[in-house]
Amino acid sequence: MPMSDAFKQRLFPELERIAEHFGTPFHIYDEAGILDTGARLKEAFAGIEGFQEYYAVKALPNLKILELMKRMGFGFDCSSIPELVMARRVGAGPMEIMFTSNNTAPHEFTAAAADGGCILNLDDISLIAKVPEPFPELICFRYNPGPRRTGNVIIGNPVEAKYGVTHNQVVDAYRQARERGAKRFGLHTMVASNELDYTYMVETARMILEVAELVMNELGIRFEFVNIGGGFGIPYRPDDSPLDLARMSREITALFDDFRARHGQAPRMVMESGRWMTGPHGVLVTRAINHKDTYRRYIGVDACMSSLMRPAIYGAYHHIDVPGAEGRPTEVVDVVGSLCENNDKFAVQRELPRIEEGDLLVIHDTGAHGHAMGFQYNGRLRPQELLLRADGRVELIRRAETLDDYLATQTFEPRTLAL
Ligand SMILES: *Cc1c(COP(=O)(O)O)cnc(C)c1O
C-alpha cells in the first residue's frame, strides 16, 4: 500500500485541526515512519560490515529531515553546492558526504574540497585533470555499464544516460587517479529508479563487485567501499507489491560474503536511497475549492503542480484519500490545480468518493521528489512543509513562499553595462 496505516492513524484524526492552524496546502512528513524505515534498512544490511546509507538529499532537502538522517548515523549524497552546504550544516563530516555531481564546474570542485572536503565521486575520466590540487587521497568514480545492463523504467537505458565512465574506461580512470596521488578508492553506480524488482538491485550489487574485482586485478588496488546507488522503489499504487527488502538484503549480503571468501577482504557497502527512505512518509494535503462540470467533472484544489510535479512530468500515479468521504457514492473526476498548463492535474479520470467544496484531499507518497521538484512558473509559489513529530507535535519546517520571495531576485541596485 502507499501511505501506511500507522501514518493514517496518526494523521487523519488531527487533519482538520492541522489544516485550520497552518492553512492549506502543505506537505506533512511522518517522523516515526522515517525513523522506522531507517532502522529497518540498517537491520536488513547489518550482515555487511560497515554498511551505511547516504541519504539522497535531493529527494527531500529540508534541514529538519536531514537532521533525522544524521541522528540515524546516515551520510548524505549531494550533487550541488546547496546540497553540500545543507549536509555540512546538519553536522556531516567529510566521510559522511558523497559528492556525486556531473558536468562538474570548477567552483563545485572548490566547494567539495572546502570545510575538510568530502568523498569526491567523479562522473568522467576527463575530470581527473580538472580536480584542483591537492588531489584527494580518497577518490570514487561513477560506473555506467552501458549495454551490459538493460534499462530501468524511469532512469532509462544506461547507453543513453549521460552519467558515469564506461566499462572500457574504468580501469584507466583509477590508474590516472592513482597517478595524480589518490591512495584510497571507492566505486559507485546508479542504474535504477523506483525499482520494485529486488533482483535488479541484487544484480547491481553483483555487477559493482565484479567491476571492483576487475580493477583490483588490473591495478592491485583495494576498494574501501562500493556504492550501489539509490533507486529502491516504493509502491505508489495500492496493488503494487513492495520491494522485498528481506530477500534483497539476504542475497546482497551473500555476494559480499562470497567476495570476502575469495579475496580475504571485502569493501564496505554504501547506498544512497532517497525515495525509499522518505517517499511513503509524506503526503500533500490540499483543500477542494471548486468543482466544474464541462466535458469532464473537475475538482479544483488549492495546491497545484508547483507542490508536486511528478504527475505532470511522468504521468505518475499518486493515490488520493478524502478522509471523511468514505461512505459517499463515487464519481470519476480530474483533480486539478490553478496553473495555466493542462497537465496541472493530480489525478486524471480517477474514481473517488464524491468530493464537496471544503473537503481535504490527502495525496500520498510525496515524501521524496515532491516539494523538492516544485517550481514557480506562472507565479504559483511553493507551499509550506510540516513535520509530524513522533511525540505528536506538528512543526512547521519550511514556510510557504511569499510574493517577496518571488520578487527577491529582481530586487537590487541598478546594474548595467554600457556598450
Ligand atoms: C537521485 C539519485 C539518488 C536517489 O534516487 P532515489 O530514486 O530517490 O533512491 C541517489 N543517487 C544519485 C546519484 C541520484 O542522482
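Thresholds, definitions, all that
Residues numbered from 1 in each chain as written. Predicted model: local features only at pLDDT ≥ 70, side-chain atom pairs only at ≥ 80, totals over all residues. Heavy atoms only, no water. Helix = DSSP H or I, 4+ residues; strand = E, 2+ residues; numbered from the N terminus. Buried < 20%, exposed > 50% of the residue type's maximum accessible area, 1.4 Å probe, protein only. Polar contact = N/O pair within 3.5 Å; in protein donor to acceptor, adjacent residues only side chain to side chain. Near = heavy atom within 4 Å. Areas by Shrake-Rupley, 256 points an atom, 1.4 Å probe, with all protein chains shown as cover. Core = buried A, V, L, I, M, F, W, Y, C linked by side-chain atoms within 4.5 Å. Domains from an automatic or database assignment. Contact = heavy atoms within 4.5 Å. Arc of directions from axis to C-beta. UniProt positions renumbered as here; feature names shortened; annotations may be inferred. Axes fitted to C-alpha atoms, helices over the stretch in contact; angles between N-to-C directions. Parallel < 35°, antiparallel > 145°, perpendicular 65-115°, else oblique. Left-handed = near helix turned anticlockwise from the far one by under 90°.

J.: Would you mind going over the environment of Ser-193 with me for this structure?
T.: As for its position among the elements, Ser-193 is in the loop between β7 (184-189) and α8 (198-219). Residue Ser-193 is classed as buried on the basis of its relative accessible area, which comes to 12%. A sequence separation of 39 residues divides Ser-193 from Phe-232, and the C-alpha atoms of the two residues are 6.6 Å apart. Only 3.3 Å separates the side chain of Ser-193 from the side chain of Arg-275, close enough to count as a polar contact.

J.: Explain the site of the ligand to me, please; I cannot follow it from the model alone.
T.: In the vicinity of the ligand lie 13 residues, with Lys-58, Gly-231, Glu-272, Arg-275 and His-369 positioned nearest. Between Glu-272 and the ligand, the recorded distance is 2.8 Å, taken from a side-chain N or O atom to a nitrogen atom. Contact distances for the ligand include 3.0 Å between an oxygen atom and a backbone N or O atom of Gly-274. Within the complex, the protein chains bury 89% of what would otherwise be the 390 Å² of accessible surface of the ligand.

J.: Is there a simple way to explain the nonpolar core in this structure?
T.: Note on soluble globular proteins: their nonpolar side chains tend to be buried together. Membership of the largest hydrophobic core comes to 85 residues, with the highest contact counts inside it found for Phe-45, Phe-76, Tyr-174, Met-248 and Ile-252. With 13 residues, the single largest contributor to this core is α8. Here this core spans two domains, since at least three of its residues come from each of domain 1 (31-278) and domain 2 (280-406). Here Phe-45 is in contact with Phe-51, Leu-245, Met-248, Ser-249, Ile-252, Met-269 and Met-271, once residues within four sequence places are set aside. The next biggest cluster of nonpolar side chains, apart from the first, holds 17 residues, and it includes Ile-299, Ile-320, Val-322 and Ala-325.

J.: Just checking my understanding: could you explain helix α7 (residues 170-179) for this structure?
T.: Since the α-helix packs 3.6 residues into each turn, any two residues three or four apart lie on the same face. Residues of α7 that are buried: Val-170, Val-171, Ala-173, Tyr-174 and Ala-177. Around the axis of α7, the buried residues are gathered within 160° of arc, so they sit on the same side. Looking at the buried side of α7, the elements it contacts are β6 (138-143), β7, α8 and β8 (223-227). Phi for Gly-181, located one or two positions after α7, is positive at around 120°.

J.: Can you help me understand the UniProt feature "active site" (unreviewed entry) in the chain in this one?
T.: With numbering aligned to this structure, UniProt lists the feature "active site" (unreviewed entry) at Cys-340. Turning to its location among the elements, Cys-340 is positioned in the loop between β13 (330-336) and β14 (345-353).

J.: Is there a simple way to think about the packing of α7 against α8 in this case?
T.: Two packed helices can be described by the angle between their axes and the distance between those axes. One can describe the packing of α7 onto α8 by two numbers: an axis separation of 10 Å at closest approach and a directional angle of 55°. Taken together, α7 and α8 sit at an angle that is classed as oblique. When you trace α7 past α8, the crossing you get is right-handed. Here Val-170, Val-171, Tyr-174, Arg-175 and Arg-178 of α7 lie close against α8, whose contacting residues are Val-211, Leu-214, Val-215, Glu-218 and Leu-219.

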